[in-house]
Structure formats: C-alpha cells, structure tokens
Amino acid sequence: SFDVSANGKYLAVGSAKTVQLISTETWSVDKVLEHHRVRTEVYTARFTKTGSSIIFSGSDAFIWRFDYFPPETADEKAVREAREARQSKIQFRDS
C-alpha cells in the first residue's frame, strides 16, 4: 500500500526492498529509501502524523522506520519554532 504526506507533496510507496518517495508535482521518484537489513519486499509504507518518519513493513512481519524530513516540513518546523520563540518572549514580558 502507499500513503500521501500530510502536505500532499509526496507518496510513500513500497517497492522491492525499498520505499520510494514520489513527488506529486512531477510524478517522478524523488528519493529511494533503503535499509541494509530489510530482506523482503516492502508491502506497506505510511507517513507518521507529524510527517517526520515513514513506517513500513514487509512479508517478514518486521516493522521499520525511516526518519525523514522533506524540505517543506523542515521549513514549516523552523517557522513554527520561530513563532513559538517570539510568543514565549511576549509572554515573558507580560508576566
């Protein structure tokens, strides 16, 4: 099976012993994620709710995780952290 990232920009697709990240803008493979210990075909690939990891499994029943931060997610995280830092300074001054 496959999954769509929270921002809608990527598909995570199990293929052979890898997980392919496909751009929904170009419909081409953007990245191939592979782990040397995966021995079977990957059947299921899912993004976590935060989009920071991809969980996948195959016919051997092992569950694996790739930590992955697409550039858009990293940018969004930086913006959020900067906003939170500004808010904490404002709250500190008001106290």
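Okay, so let's go over this structure. Just so we're clear, the structure is a prediction, and the values are computed from it rather than from any experiment.

Some words on the environment of Asp30
Then step 1. Secondary-structure assignment places Asp30 in strand S4 (residues 29-34).
Then step 2. Residue Asp30 is classed as partly exposed on the basis of its relative accessible area of 41%.
Then step 3. Sequence separation between Asp30 and Gln20 is 10 residues, and the spatial gap between their C-alpha atoms is 7.6 Å.

A short note on the pairing of strand S3 (residues 18-23)
Then step 1. Taking burial as the measure, the six residues of S3 include six buried ones, the bulk of the element.
Then step 2. Burial along S3 is two-sided: the residues Thr18, Gln20 and Ile22 and Val19, Leu21 and Ser23 are all buried.
Then step 3. Hairpin remark: strand S2 (residues 10-15) followed by S3, antiparallel, with two residues in the connecting loop; positive phi at Ala16, about 55°.
Then step 4. Across five bridges, the pairing between S3 and S4 is antiparallel. By the bridge assignment for S4, Gln20 is matched with Val32.
Then step 5. Here S3 folds back onto S4, and the loop between the two strands holds five residues, one of which, Trp27, carries a positive phi near 55°.

Describing the sheet that holds strand S7 (residues 63-67)
Then step 1. If you trace the three strands from one edge of the open sheet to the other, you get S5-S6-S7, paired in antiparallel fashion. Looking at the sheet topology across the chains shown, the edges are occupied by strand S5 (42-47) and S7. On average, each strand axis in the sheet is inclined to that of its neighbour by 25°, with strand direction left out of account.
Then step 2. By the bridge criterion, five bridges tie S5 to strand S6 (residues 53-58) in an arrangement that is antiparallel. When the sheet's bridge partners are listed, Thr44 is paired in S6 with Ser57.

Looking at the nonpolar core
Then step 1. Counting 13 residues, the largest nonpolar core has Ala12, Val19, Leu21, Ile54 and Phe56 as the members making the most contacts within it.
Then step 2. Within the residue set of this core, elements represented by two or more residues are S2, S3, S5, S6 and S7.
Then step 3. When residues of this core are assigned to their parent elements, the largest contribution, three residues, is made by S5.
Then step 4. The residues contacting Val19, other than those within four sequence positions of it, are Ala12, Val13, Lys31, Val32, Leu33, Val42, Ala45, Ile54, Phe56 and Phe66.

Observations concerning the pairing of S6
Then step 1. A large share of S6 lies buried, amounting to five of its six residues.
Then step 2. Linking two consecutive strands that pair antiparallel, namely S5 and S6, is a turn of five residues; a positive phi of about 80° is found at Gly51 within it.
Then step 3. The hairpin formed by S6 and S7 contains four residues between the paired strands, and Ala61 there has a positive phi angle of roughly 75°.

Cut-off values and rules
- Residues numbered from 1 in each chain as written.
- Predicted model: local features only at pLDDT ≥ 70, side-chain atom pairs only at ≥ 80, totals over all residues.
- Heavy atoms only, no water.
- Helix = DSSP H or I, 4+ residues; strand = E, 2+ residues; numbered from the N terminus.
- Buried < 20%, exposed > 50% of the residue type's maximum accessible area, 1.4 Å probe, protein only.
- Pairing = 2+ DSSP bridges.
- Axes fitted to C-alpha atoms, helices over the stretch in contact; angles between N-to-C directions.
- Core = buried A, V, L, I, M, F, W, Y, C linked by side-chain atoms within 4.5 Å.
- Contact = heavy atoms within 4.5 Å.

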